[in-house]
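Inside the fold
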Amino acid sequence: MKKNTVQIFSLIALLFTFFFSSCEQEIDGCTDANACNYNEEANNDDNSCQIPIDEILEITYVDTVVSGAVGEDLIAHVHIRNSSCNPVSVKARKVYNGPEETSAYFCFAGVCFSSSTIESPLALNLGVFEEDDYFKGYFSSSVAGEYDVKYRFYLEDDMTTLVEVDVTYIVS
């Protein structure tokens, strides 16, 4: 009887050890080694992977055509994202040579600049995969017509890494 009891306890201990040692704790996270937020301890992919694209700066939204009345402020919104695995500092530039009866200005990095400002003196800091929706291009005209303004976003330390958007303002 003592031998059977020892065997039963040994079997229970063996089953107990097998059962609890084979249960692996589930750790949610990104399991793609190419992602910025790869978690080597994760064993359950939670679809949070941030895979960098070829371009560091990405426009995720833009109002390409904005319409309004003579004398009204027309507003174009642009959303920009840092699609890289490193924080970046971004600057904005307005490219517009319109007639005197028009005014084009923009707000960026928390500040609105006058129509005489071509390049933002301030940089916007974006973390890894951070997106900013604060850029707004403003346009007004005392004359009806169609006007094109280009906005350029580039890395503060590398002006060749850039994205551009063209916005058409239709004033009626």
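Below is a summary of the structure that appears in this document. (Residues numbered from 1 in each chain as written. Predicted model: local features only at pLDDT ≥ 70, side-chain atom pairs only at ≥ 80, totals over all residues. Heavy atoms only, no water.)

1. Observations regarding the state of the cysteines
As used in these notes, a disulfide is a covalent bond between sulfur atoms, one from each of two cysteines. Evaluated as defined, the whole model comprises 3 disulfides. Disulfide pairing is shown between Cys36 and Cys85; the S-S distance is 1.9 Å. Residues Cys36 and Cys85 are joined by a disulfide whose S-S torsion is about -85 degrees; by sign, that bridge is left-handed. Taken together, the positions of Cys36 in the loop between β1 (28-29) and β2 (44-45) and Cys85 in the loop between β5 (74-82) and β6 (88-95) put the pair 49 residues apart, joining distant regions of the chain. Disulfides within the chain link the bonded cysteines, taken in sequence order, as 1-3, 2-4, 5-6. (Disulfide = S-S within 2.5 Å. Helix = DSSP H or I, 4+ residues; strand = E, 2+ residues; numbered from the N terminus.)

2. Some points on the sheet that holds strand β12 (residues 158-171)
Strands sit in the order β4-β12-β11-β6-β9 across an open sheet of 5 strands; the sheet is mixed. Each of the sheet's edge strands pairs with one partner strand only, and the pair in question is β4 (65-68) and β9 (124-126). Going from strand to strand, the sheet's axes swing by 30 degrees on average, the running direction of each strand aside. Pairing geometry for β6 and β9, over 3 bridges, is antiparallel. Residue pairing across strands places Val88 opposite Leu126, the latter belonging to β9. (Pairing = 2+ DSSP bridges. Axes fitted to C-alpha atoms, helices over the stretch in contact; angles between N-to-C directions.)

3. Some remarks on the pairing of β12
The pairing of β4 with β12 spans 4 bridges and is classified as parallel. Bridging across to β12, Val65 finds its partner in Thr168. As paired strands, strand β11 (residues 145-155) and β12 are joined by 11 bridges and run antiparallel to one another. Following the sheet pairing, Glu146 is matched in β12 by Ile170. The turn joining β11 and β12, which pair antiparallel and follow one another in sequence, is formed by 2 residues.

4. A few points about the nonpolar core
By size, the foremost hydrophobic cluster in this structure holds 28 residues, and its most contacted members are Val90, Phe108, Phe135, Phe139, Tyr151, Phe153 and Tyr169. The contact partners of Phe135, leaving out residues within four places of it in the chain, are Ala76, His77, Val78, Ala92, Phe106, Cys107, Phe108, Tyr151 and Phe153. (Core = buried A, V, L, I, M, F, W, Y, C linked by side-chain atoms within 4.5 Å. Buried < 20%, exposed > 50% of the residue type's maximum accessible area, 1.4 Å probe, protein only. Contact = heavy atoms within 4.5 Å.)

5. Quick look at the pattern of salt bridges
Under the defined criterion, the tally for this structure stands at 7 salt bridges. For the salt bridge of Glu119 with Arg93, the shortest nitrogen-to-oxygen distance reads 3.0 Å. In this pair, Glu119 sits in the loop between β8 (111-113) and β9 while Arg93 sits in strand β6, placing the two residues 26 residues apart along the sequence. Since its relative accessible area comes to 29%, Glu119 is described here as partly exposed. Here Arg152 and Glu164 are joined by a salt bridge, their closest N and O atoms 2.5 Å apart. Taken together, the residues Arg152 in strand β11 and Glu164 in strand β12 connect sequence positions 12 residues apart. (Salt bridge = Lys/Arg side-chain N within 4 Å of Asp/Glu carboxyl O.)

6. Examining the packing of aromatic side chains
Working definition: an aromatic ring pair is given by the centre-to-centre distance plus the angle between the planes. One pass over the full model with this rule turns up 10 aromatic pairs. With a centroid separation of 6.1 Å and 50 degrees between ring planes, the pair formed by Phe108 and Phe153 is classed as tilted. On the criterion of sequence distance, the pair formed by Phe108 in strand β7 (residues 102-108) and Phe153 in strand β11 is long-range, its members being 45 residues apart. Residue Phe108 shares its accessibility class with Phe153, and that shared class is buried. (Phe/Tyr/Trp six-rings, centres within 6.5 Å; stacked < 30°, edge-to-face > 60°.)

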